[in-house]
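One letter stands for each residue in the lines below.
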Amino acid sequence: MASMTPANVPAASGSPAASPPSGVRLTGLDAARALAIIGMIAVNVGPRGEPGIAGFVYDLPVGRASILFVVLAGVGMSFLTRSARRPGGRLPWRTVLWRSALLFAGGLALQELGHDVSVILAVYGVLFLLSLPLLKAPTPVIAALAGTLLAVGPVAWIGAQLASGTAFQFADPDLSNDAPHLLHRIFLSGSYPVLVWCVPFLVGLILGRAPLTDRRLQKRLVVWGGVAAIGAYALSQVLIRMLGQPGDEIGWDRLLSAVGHSQMPLWLVSSIGTALVALGGFLWAGNLVDRRLGMLVSAGRLSLSIYVAHLFVLAAIIRPEPHTLLRGYLITIVLSAVLVLLAHLWVKWRPIGPLEQLMRLPGQR
């Protein structure tokens, strides 16, 4: 979530390039992070599920923006720990633990605000912590783990509900939970169960090791990401036509779903594919991003600060609005524009955001 990725590197043409050198920032990733932030603002402002084309367009970020955010978190973690994968390299485990603790505690505290939003930060903190044993692991091991959890995680999520006879209510973890309920909500029954959401994070860890400055890779991300995004959703629709629409009660027929936040494999594949399209597209258009999308880049660099700020704005000013889709559009556009502009002005003053600075170890410049 915090801006961990290293300023723009000219995309290599032809031969593969290594990950960008330390101190160098891929502005395409910042732009993608800003897109994820704006999408999450739209989802969190609401209202969702409105009829018509306008409602359909407004709901497009549902289950996609947050996945893009988690993929980017994995990319950032991979960049942060790249030196540890070199011979004799050491993990910056103190930094990882510091960020994990702050995000976890901050996420629980922010859930107490009256914003009517499922705060993802506590799950970020857990994902950061759980990633420590994997940060020096071979890439095929991480890929195998991601594939296994893609298949097993959703099945276990359904099985846990069937075994208990209780459907999860997507109750989010907060400071009032005792330890058992807190862990249950974090790993299984919350809006972002780690059992499922670890998959896009692992994909991000893998991407962060890839030659992201290579033009051929950038195009492949767009092409194959598009195939995954469209293909998984199309497969879901074909299966539903053949086998029937999943019922309202939790059951194995839920595995057919590609609906946003269904926690199912086809939704994960489709949403991760969309994330790859966004990442590859912004990286491929790096020169355009630098020339024309500087405000998005600034917003991406202050992603954590913007995310937290929008929660306070929702709680203090906007709720219980919006009551109509038109108001949802207006609030989303105005709120996003103001936060992006403020981020751009901040970056002109200081290169790092206030909460992004907090993510650094005390005493670290």
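Residues numbered from 1 in each chain as written. Predicted model: local features only at pLDDT ≥ 70, side-chain atom pairs only at ≥ 80, totals over all residues. Heavy atoms only, no water.

**Thoughts on the overall build of the protein chain**
Cut-off, in case you're wondering: The numbering of helices and of strands both runs from the N terminus, where a helix is a DSSP run of H or I of at least 4 residues and a strand a run of E of at least 2. Note on method: radius of gyration uses C-alpha positions; expected globular size equals 2.2 Å times residues raised to 0.38. Areas reported as accessible are Shrake-Rupley estimates using a 1.4 Å probe. Residue values count occlusion only from the protein chains shown. Neither His nor the chain ends contribute to the count of charged residues, in which Lys and Arg are positive and Asp and Glu negative. The location of each charge is read from NZ of Lys, CZ of Arg, CG of Asp or CD of Glu.
For the protein chain, the count of helices and strands is 15 helices and 0 strands. A compact globule built from 365 residues should have a C-alpha radius of gyration of about 21 Å, and the protein chain, at 20 Å, falls within 12% of that. Working note: accessible area of the protein chain is about 16400 Å², and carbon and sulfur atoms make up 67% of it. Of note, the protein chain has its 28 positive side-chain charges centred 19 Å away from the centre of its 15 negative side-chain charges.

**A few points about the UniProt feature "domain: DUF418" (unreviewed entry) in the protein chain**
The condition that has to hold: UniProt positions are given in the numbering used here, feature names are shortened, and annotations may be inferred rather than shown by experiment.
Within this numbering scheme, the UniProt entry marks residues 216–360 as carrying the feature "domain: DUF418" (unreviewed entry). Across residues 216–360 one finds 75% helix and 0% strand; the C-alpha atoms that close the span lie 34 Å apart.

**What to know about the packing of helix α6 (residues 139–164) against helix α8 (residues 194–207)**
The condition that has to hold: The axes are straight lines fitted to the C-alpha atoms, using for helices just the contacting stretch, and the angles between their N-to-C directions are given from 0 to 180°. In this scheme, roughly parallel covers angles under 35 degrees and roughly antiparallel covers those over 145, while 65 to 115 is roughly perpendicular and the rest are oblique. Helix crossings fall into two classes, left-handed where the near helix is turned counterclockwise from the far one by less than a right angle and right-handed where it is turned clockwise. Between two residues, a contact is recorded if the distance between any of their heavy atoms is within 4.5 Å. When residue character is reported, Ala, Val, Leu, Ile, Met, Phe, Trp, Tyr, Cys and Pro are called nonpolar, Asp, Glu, Lys and Arg charged, and the others, Gly included, polar.
Two numbers describe how α6 lies on α8: the axes approach to 8 Å, and their chain directions differ by 160 degrees. In terms of axis orientation, α6 runs roughly antiparallel to α8. As α6 runs across α8, the sense of the crossing is left-handed. Of α8, the residues touching α6 (which contributes T139, I142, A143, L145, A146, L149, L150, G153, P154, A156 and W157) are L195, V196, C198, V199, L202 and I206. For the contact of α6 with α8, the class distribution of residues is 15 nonpolar, 2 polar and no charged.

**What about the nonpolar core?**
Where we set the bar: Nonpolar cores are built from buried Ala, Val, Leu, Ile, Met, Phe, Trp, Tyr and Cys residues. Side-chain atoms within 4.5 Å join them into one set. Buried, partly exposed and exposed residues are distinguished by accessible area as a fraction of the type maximum, computed with a 1.4 Å probe on protein chains only: under 20%, between the cut-offs, and over 50%, respectively.
Among the nonpolar cores identified, the biggest contains 96 residues, and L29, I120, L121, L212 and Y307 are the most heavily contacted of them. The element that contributes the greatest number of residues to this core is helix α3 (residues 65–80), accounting for 11 residues. Apart from residues no more than four positions distant in its own chain, L212 is found in contact with L26, L29, V75, F79, L207, L217, Q218, L221 and L283.

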